Amino acid sequence: MIEVDEVRKQFGGVKALGGVSFTARDGQITALLGPNGAGKTTLLRTLVGLLRRDHGTILIDGVDPERDPLKVRNNIGFLTDQFGLYERLSTREYLAYFGELNGMGGRALESRIDAVSEMLSMDDIIDRRCKGFSQGQRIKVALARTLLHRPRHLLLDEPSRGLDVMSTRALRHALSALRAEGCCVLMATHVMQEVTHLCDDVIVIAKGHTVAQGSPGELCRRTGIANLEDAFVSLVGEEGILA
Ligand SMILES: Nc1ncnc2c1ncn2[C@@H]1O[C@H](COP(=O)(O)OP(=O)(O)OP(=O)(O)O)[C@@H](O)[C@H]1O
């Protein structure tokens, strides 16, 4: 479970997070929805301890990432918006390398690589060198790396960007399977269809503040608007969209 209370973060004069509070539960996929610049990436980076917050409380299964970063990182998979692949390595070699860094090895690592490759439909790229991979192929490899050590918490920054229809479906199936295993998934996205069909809970943030939290149905009921996209626009306001 991820518990966030009144988290603030400022970069010089830019207030990226002005007071974000929410709870993301185990066995649920929680969407982080917000206009460009709302603070989603900053929030995810702060949750994994890559950025220090200025104010507020963060607990990942009761552990503060600033107090015990190693414990929290062992318990989290983070798909960032910036990732580097090692172009001279094949996907399998790349995953084996990061698996070993996470303390995995031997047959267990080999079969986990096979399982993740199957989960994300990566047969065509698993034994190819990463050099020249398309954006969608690169995201798949990064996602596979994120899932390798079976993290209890999964933080994803726009995971479906650049993915084709089949890969998007594979991603949805993978996330549904992880939810069924009790994983806590927190996912920043701009794809409303994904939120409607996949997510149990939605956190709406605008200008660094939590505006609302609830299921897609609850947000529609609260705003009196049947369509989630229109409900979202109503919650953040035109000002939020243009910020
Ligand atoms: N390292 C940084 N230095 C200065 N400003 C930053 C830094 N990182 C983020 N910001 C600013 O903080 C605000 C929030 O940015 P953030 O990337 O978290 O938004 P986002 O919700 O992820 O946006 P998008 O949907 O466009 O990816 C923006 O105004 C951004 O310019």
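All figures in this text were calculated on a predicted structure; none of them were measured in a lab.

Visitor: Can you walk me through unusual backbone geometry in this structure?
Guide: In most cases, non-glycine residues show a negative phi, while peptide bonds are predominantly trans. One non-glycine residue, Glu 6, adopts positive backbone phi at about 55°. Along the chain, Glu 6 turns up in strand β1 (residues 2-11).

Visitor: What should I look at first to understand the site of the ligand in this one?
Guide: Taken together, Phe 11, Val 14, Ala 16, Gly 34, Asn 36, Gly 37, Ala 38, Gly 39, Lys 40, Thr 41 and Thr 42 make up all the residues around the ligand. No other element matches helix α1 (residues 40-47), which puts three residues into the shell around the ligand. Tallied by class, the residues present in the shell around the ligand amount to four nonpolar, six polar and one charged.

Visitor: Is there a simple way to explain the packing of helix α3 (residues 91-101) against helix α4 (residues 106-119) in this structure?
Guide: The axes of two packed helices give the description: the angle between them and the distance between them. The contact between α3 and α4 brings their axes to 10 Å, and the two run at 130°. Classified by the angle between their axes, α3 and α4 sit oblique to one another. By crossing handedness, the relation of α3 to α4 is classed as right-handed. Contacts between α3 and α4 involve Arg 92, Leu 95, Ala 96 and Gly 99 from the first element and Leu 109, Arg 112 and Ile 113 from the second. Within the contact of α3 with α4, the residues separate by chemical class into four nonpolar, one polar and two charged.

Visitor: Sorry, what's going on with the nonpolar core here?
Guide: Taken as a class, soluble globular proteins show a tendency for nonpolar side chains to be buried jointly. If you look at the biggest cluster of nonpolar residues, it comprises 62 residues, and the most contacted ones within it are Leu 32, Ala 144, Val 185 and Val 204. With sequence-adjacent residues up to four places away left out, Ala 144 is seen in contact with Leu 95, Val 116, Ser 117, Leu 120 and Met 122.

Visitor: Sorry if this is basic, but what is going on with the packing of α3 against helix α5 (residues 135-147) here?
Guide: Between α3 and α5, whose axes approach to 10 Å, the crossing angle comes to 30°. Between α3 and α5, the angle falls in the class roughly parallel. As for how α3 packs across α5, the hand of that crossing is right-handed. Contact residues: α3 offers Thr 91, Tyr 94, Leu 95 and Phe 98, while α5 offers Val 141, Ala 144 and Arg 145. Partitioned by chemical class, the residues of the contact of α3 with α5 number five nonpolar, one polar and one charged.

Visitor: Looking at this structure, I do not really get the UniProt feature "domain: ABC transporter" (unreviewed entry) in the protein. What am I missing?
Guide: According to UniProt, the positions carrying the feature "domain: ABC transporter" (unreviewed entry) are residues 2-232. In the segment residues 2-232, helix accounts for 38% and strand for 26%; the C-alpha atoms at its two ends are 23 Å apart.

Visitor: Would you explain the pairing of strand β7 (residues 184-188) in this entry?
Guide: Two faces belong to every sheet, and in a regular strand the side chains alternate between them. For β7, a buried count of five out of five residues is recorded, marking the element as mostly surrounded by other parts of the structure. Burial along β7 is two-sided: Cys 184, Leu 186 and Ala 188 and Val 185 and Met 187, pointing in opposite directions, are all buried. Pairing of strand β3 (residues 28-33) with β7 involves five bridges; the strand directions are parallel. Counterpart to Ile 29 in the pairing with β7 is Val 185. The sheet contact formed by strand β6 (residues 153-157) and β7 spans five bridges and is parallel. Looking across to β7, one finds that Asp 157 is bridged to Ala 188. Tracing the backbone out of β6, into helix α6 (residues 165-180) and back to the parallel element β7 gives a crossover that is right-handed.

Visitor: It is not clear to me how the confidence of the model for the protein should be interpreted in this structure. Could you clarify?
Guide: Interpretation of this model should avoid reading the predicted coordinates in detail wherever pLDDT is low. Of all residues in the protein, 98% have pLDDT values of 70 or greater, and the mean over the chain is 91. For this predicted complex, the interface score ipTM comes out at 0.97, while the overall pTM is 0.90.

Visitor: Can you walk me through α3 in this structure?
Guide: Note that an α-helix has 3.6 residues per turn; residues three or four places apart therefore point the same way. For α3, the full list of buried residues reads Thr 91, Tyr 94, Leu 95 and Gly 99. The arc that holds the buried residues of α3, viewed along the axis, is 135°, so those residues lie on one side. In α3, the exposed positions that point more than 90 degrees away from the buried face belong to Tyr 97, Glu 100 and Leu 101. On its buried side, α3 packs onto α4 and α5. One or two positions beyond α3, positive phi appears at Gly 103, with a value near 85°.

How each quantity is defined
- Residues numbered from 1 in each chain as written.
- Predicted model: local features only at pLDDT ≥ 70, side-chain atom pairs only at ≥ 80, totals over all residues.
- Helix = DSSP H or I, 4+ residues; strand = E, 2+ residues; numbered from the N terminus.
- Near = placed C-beta within 6 Å.
- Nonpolar A, V, L, I, M, F, W, Y, C, P; charged D, E, K, R; others polar.
- Axes fitted to C-alpha atoms, helices over the stretch in contact; angles between N-to-C directions.
- Parallel < 35°, antiparallel > 145°, perpendicular 65-115°, else oblique.
- Left-handed = near helix turned anticlockwise from the far one by under 90°.
- Contact = placed C-beta atoms within 7 Å.
- Core = buried A, V, L, I, M, F, W, Y, C linked by C-beta atoms within 7 Å.
- Buried ≥ 20, exposed ≤ 12 C-beta atoms within 10 Å, placed from the backbone.
- UniProt positions renumbered as here; feature names shortened; annotations may be inferred.
- Pairing = 2+ DSSP bridges.
- Right-handed = clockwise from strand over helix to strand, strands pointing away.
- pLDDT = per-residue confidence, 0-100.
- Arc of directions from axis to C-beta.

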